[in-house]
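Residues per chain, in single letters:
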2 protein chains.
Amino acid sequence: MNQRVYNFSAGPSALPESVLMEASKDMLNYKGSGMSVMEMSHRSKVFEEIIQEAESLFRDLLGIHDRYKVLFLQGGASTQFSMIPMNLMTKTGKADYVDTGSWASKAIKEAKRYGNVNVLASSKDKTYSYIPELDPASFTKDADYFHITVNNTIYGTRFAPDLLPDTNGVPLVGDMSSNILSEVYDINKFGLIYAGAQKNMGPSGLTMVAIREDLVGQAMDLTPTMLNYKIHVDADSLYNTPPCYSIYIAMLIFRWLKNQGGVEAMEKTNKEKAALLYNYLDESSLFKATVEEKDRSLMNIPFVTGNDELDGAFVKESTAKGLVNLKGHRSVGGMRASIYNAMTMEGVETLVAFMKEFEAKNK
Amino acid sequence: MNQRVYNFSAGPSALPESVLMEASKDMLNYKGSGMSVMEMSHRSKVFEEIIQEAESLFRDLLGIHDRYKVLFLQGGASTQFSMIPMNLMTKTGKADYVDTGSWASKAIKEAKRYGNVNVLASSKDKTYSYIPELDPASFTKDADYFHITVNNTIYGTRFAPDLLPDTNGVPLVGDMSSNILSEVYDINKFGLIYAGAQKNMGPSGLTMVAIREDLVGQAMDLTPTMLNYKIHVDADSLYNTPPCYSIYIAMLIFRWLKNQGGVEAMEKTNKEKAALLYNYLDESSLFKATVEEKDRSLMNIPFVTGNDELDGAFVKESTAKGLVNLKGHRSVGGMRASIYNAMTMEGVETLVAFMKEFEAKNK
Ligand SMILES: Cc1ncc(COP(=O)(O)O)c(C=O)c1O
Ligand SMILES: Cc1ncc(COP(=O)(O)O)c(C=O)c1O
Ligand SMILES: [Mg+2]
Ligand SMILES: [Mg+2]
Ligand SMILES: [Mg+2]
Ligand SMILES: [Mg+2]
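Residues numbered from 1 in each chain as written. Chains lettered and ligands numbered in written order. Predicted model: local features only at pLDDT ≥ 70, side-chain atom pairs only at ≥ 80, totals over all residues. Heavy atoms only, no water.

A. Structural context of the pairing of strand β9 (residues 192-196) of chain A. Residues and elements named next belong to chain A. Counting buried residues in β9 gives 5 out of 5 residues, a clear majority hidden from the surface. In β9, alternate side chains face the same way, and those of Leu192, Tyr194 and Gly196 on one face and Ile193 and Ala195 on the other are all buried. Where strand β8 (residues 172-175) meets β9, 3 bridges bridge the pair, whose relative direction is parallel. Residue Gly174 lies in a different strand from β9, and its bridge partner there is Ile193. With 5 bridges joining them, β9 and strand β10 (residues 207-212) adopt antiparallel strand pairing. Residue pairing in the sheet places Ala195 in a bridge with Met208 of β10. (Buried < 20%, exposed > 50% of the residue type's maximum accessible area, 1.4 Å probe, protein only. Helix = DSSP H or I, 4+ residues; strand = E, 2+ residues; numbered from the N terminus. Pairing = 2+ DSSP bridges.)

And the structure:
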């Protein structure tokens, strides 16, 4: 294949072409430094400028208040599943969680190893195809925090920005791995947000965390030094060698996002992209969306024909046309189109056009 | 600056130019996949081939026996400082450590949080400028492991391959962050080795571990899932999203190393490079090496003039000539030339020529 494909991968996933072009051009000699960003000391002035610009753009784009610390970490969102209880579950030792999918379940399983976890609700009964109603009366009043997976990558559901639970002062913790920077959330409603970079922010190997200052510094005694937020807060994410190149690419992506008009503009485009696909799914008699309308993700859109053979044929034929990674997660089956910020409207249009063609052929 | 500099950074550090050129060329479309390696699902066939080739080259280059597992992890060598005690200090709860520098000290400090650490010897009395003699009679017979920092990046000392301690069956654990793949060690003498990639293996954000099978699976109860070797062993380093792009660059570097003739050939060149610099330091009346001859690192070579002003002038003038990152670590002062595998003989020759010039001018 001589040209780039439309990549619907759930993560790592498509990145803006202009960012890749710039990274390629500067690979051997970044801005006259005489070296690649991969070769730079993390303590050098030139790298410091990169990480500082990345932080300031990230803060700007998300509207993060000064009372939050922004961290550039390693270990993926999976490491946050442990860091969160080890650092925060230390006053009453209790936390509330909502079970909205595999990632939420993994977070719950890990937290249970460190304290008392109250699972308020689950949508497992219907393969996590909706966000369960929450009864505020069931919330643990003195919980150390309240955890939600804001966007459920595998199942294609999300807590919409206006449907975040009101935790009545308990710090809300959000896994935003698969929808950070895709639509406007009031980040200041959270005590902590975290996200692996490999969907909307760059290559894997970088995890972004924003944590409210008052939540820093109360880790359990046995917390490994590298899993203690305070260590990284005190060292401005340079306690040890950070994932420098991933931070550089994230910085370029934040710049690109800003040039696109920021998160508000992204939200507008993302809603158009998602609407194009959902509208077709709802009107199609071959394909259907698996998620209840009010809980639909803008980023991950699972769909099925209801016929395994047809699903298989669809994945095969779409791949041949350069529409790749559309196979659904084994737990849902069918197909899934992940349409993160870097997926263009043209990509979604091409997908929908192909789906129509496929439907006509398979009437 | 329009051309590449000679980069003597201690890490992240210089990479082979041919590797950077290939990465740059394939940035937008890796081998006809239609996407960047940064955009690939870690579960895709094309990425699987990359990680498998990386593992098989790493095993080949180091001569790692089948009874070892090779892991691609995140978190840097610093995370290993916790993972090692949490996973291995679980039978008698005792471990021996040798204090040969700041990194060794950090490893010791972290291990003390999890068990009984016996510090057998320290070279702190002389700013870690030598490797202390070890008295086998002092070794803890039933220690769970015995930890050394094989190469001390800051101070420029190393345990030479023929001077590894004989631990009499206690698993030897080696931090090889700054000398892995630089000269031939019998890796099968170790129970576990670990190394951040950012010196001899690629960009930061990737940590390589080789662990003998029998040491896997005994982690402490409170070990975070992501810090449990067994989790990564069972999942072939794909438990969660690994640092894919760093793994790709490491694979390219392993290929390059193989083309150079492997570790034996590297050792030969590295010894020539180091000899050129050490010989000059020993004959110079202006500059001197800070480390005792038998313990000298081939990778990190600190040197001083004994005059802070001259040191400052040297760093400034060398930088202007495109010989960069020669400033020594604050704890040693003076200068340090890190000459990892990717530093060419030409680079060292240029450095020595400049030093001679500087000496002539400052007689
Ligand atoms: C919502 C969510 N949380 C957590 C994870 C795990 O992330 P990582 O692989 O970086 O550990 C993922 C990965 O896809 C995810 O989608
Ligand atoms: C010998 C040694 N050990 C450990 C480290 C820490 O590595 P990291 O920054 O990847 O945590 C370093 C970093 O330079 C090192 O040189
Ligand atoms: Mg999910
Ligand atoms: Mg339909
Ligand atoms: Mg050291
Ligand atoms: Mg001398």
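More follows now that the structure is in view.
B. Here's a closer look at the coordination of the magnesium ion (ligand 4). Residue and element names in this part refer to chain A. Looking at the metal site, the magnesium ion (ligand 4) is ligated by Leu281 (O), Ser284 (O) and Phe287 (O), spaced 2.1 to 2.6 Å from it. Summarised as a motif, the one-chain spacing of the donors to the magnesium ion (ligand 4) is L-x2-S-x2-F. With relative accessibility at 1%, the residue Phe287 sits in the buried group. (Donors = N, O, S within 2.8 Å, 3.2 Å for Na, K, Ca; no water.)

C. Structural context of the site of ligand 2. In the neighbourhood of ligand 2, 14 residues make up the surrounding shell, with Asn240 and Thr241 of chain A together with Ser78, Thr153 and Asp175 of chain B lying closest. Those chains with residues close to ligand 2 are chains A and B. Here Thr241 of chain A contributes a side-chain N or O atom positioned 2.5 Å from an oxygen atom of ligand 2. With respect to ligand 2, the side chain of Lys199 of chain B contributes an N or O atom lying 2.7 Å from an oxygen atom. Counting residues per element, the shell around ligand 2 draws most heavily on helix α3 (residues 76-88) of chain B, which supplies 4 residues. Here the shell around ligand 2 is built from residues that sort into 3 nonpolar, 9 polar and 2 charged. (Near = heavy atom within 4 Å. Polar contact = N/O pair within 3.5 Å; in protein donor to acceptor, adjacent residues only side chain to side chain. Nonpolar A, V, L, I, M, F, W, Y, C, P; charged D, E, K, R; others polar.)

D. Layout of a positive patch on the surface. Side chains of Arg43 of chain A together with Lys106, Lys109 and Arg330 of chain B sit close together on the surface and give a patch of like positive charge. With respect to the helices and strands, the residue Lys109 of chain B is situated in helix α4 (residues 102-112). (Patch = residues over 30% accessible without salt bridge, like charges linked within 9 Å, V, L, I, M, F, W, Y side chains within 5 Å. Areas by Shrake-Rupley, 256 points an atom, 1.4 Å probe, with all protein chains shown as cover. Salt bridge = Lys/Arg side-chain N within 4 Å of Asp/Glu carboxyl O. Lys, Arg positive; Asp, Glu negative; His and termini not counted. Charge placed at Lys NZ, Arg CZ, Asp CG, Glu CD.)

E. Highlighting the domain arrangement of chain A. Residues and elements named next belong to chain A. Looking at chain A, the domain boundaries give domain 1 (6-17 + 263-361) and domain 2 (18-259). Every contact between the two is made by 33 residues of domain 1 and, on the other side, 31 residues of domain 2. Linking domain 1 with domain 2 are 0 salt bridges, by the criterion used here. For the pair domain 1 and domain 2, the interface holds 22 residue pairs in polar contact (both at pLDDT 80 or more). Partitioning the side of domain 1 that touches domain 2 into residue classes produces 15 nonpolar, 9 polar and 9 charged. (Domains from an automatic or database assignment. Contact = heavy atoms within 4.5 Å.)

F. Highlighting the UniProt feature "binding site: pyridoxal 5'-phosphate" (unreviewed entry) in chain A. All names here are of chain A. In the UniProt entry, the feature "binding site: pyridoxal 5'-phosphate" (unreviewed entry) is given for Ala77, Ser78, Trp103, Thr153, Asp175, Gln198, Asn240 and Thr241. Considering the C-alpha atoms alone, the annotated residues occupy 165 residues of sequence and remain spread out, their largest mutual distance being 30.6 Å. For Thr153, the location among the structural elements is in the loop between β6 (151-152) and β7 (157-158). Residue Thr153 is classed as buried on the basis of its relative accessible area of 6%. Each residue touching Thr153, except ones within four places of it in the same chain, is listed here: Ala10, Trp103, Ser178, Lys199, Asn300, Arg336 and Tyr340. Here Thr241 lies in the loop between α5 (229-234) and α6 (244-259). Residue classification places Thr241 among the buried positions, given a relative accessible area of 12%. (UniProt positions renumbered as here; feature names shortened; annotations may be inferred.)

G. Region of the structure containing the relation of the copies chain A and chain B. Note on the copies: chain A fits chain B at an RMSD of 0.0 Å, the axial shift is 0.0 Å, and the rotation between them is 180°. One copy is carried onto the other by what is essentially a two-fold rotation axis. Taking C-alpha positions as reference, the residue of chain A nearest the rotation axis is Ser24 of chain A, located at 2.3 Å. (Least-squares fit on C-alpha atoms with pLDDT ≥ 70 in both.)

H. Structural detail: the coordination of the magnesium ion (ligand 6). Residues and elements named next belong to chain B. Protein coordination of the magnesium ion (ligand 6) is provided by Leu281 (O), Ser284 (O) and Phe287 (O), with donor distances spanning 2.2 to 2.5 Å. Sequence spacing of the donor residues for the magnesium ion (ligand 6), all on one chain, is L-x2-S-x2-F. Just as Ser284 is buried, Phe287 falls in that class too.

I. A look at the UniProt feature "binding site: L-glutamate" (unreviewed entry) in chain A. All names here are of chain A. Look at the UniProt record and you will see "binding site: L-glutamate" (unreviewed entry) annotated at Arg43. Its place among the elements puts Arg43 in the loop between α1 (17-25) and α2 (45-62). With near-sequence residues (within four places) excluded, Arg43 lies in contact with Glu48, Leu238 and Tyr239.

J. A look at the site of ligand 1. In the vicinity of ligand 1 lie 14 residues, with Ser78, Thr153 and Asp175 of chain A together with Asn240 and Thr241 of chain B positioned nearest. Those residues lying near ligand 1 are distributed over chains A and B. Between ligand 1 and Ser78 of chain A there is a distance of 2.6 Å, counted from an oxygen atom to a side-chain nitrogen or oxygen. A total of 400 Å² of accessible area belongs to ligand 1 in isolation, and the protein chains cover 96% of it. At 4 residues, helix α3 (residues 76-88) of chain A tops the list of elements feeding residues into the shell around ligand 1. Residues belonging to the shell around ligand 1 are distributed by class as follows: 3 nonpolar, 9 polar and 2 charged.

K. Quick peek at helix α6 (residues 244-259) of chain B. All names here are of chain B. The terminal C-alpha atoms of α6, which comprises 16 residues, lie 23 Å apart, in line with the 22 Å expected from a rise of 1.5 Å per residue. With 13 of 16 residues buried, α6 lies mostly within the body of the structure. The first or second residue beyond α6 is Gly261, which carries a positive phi of 110°. (Expected span 1.5 Å × (residues − 1).)

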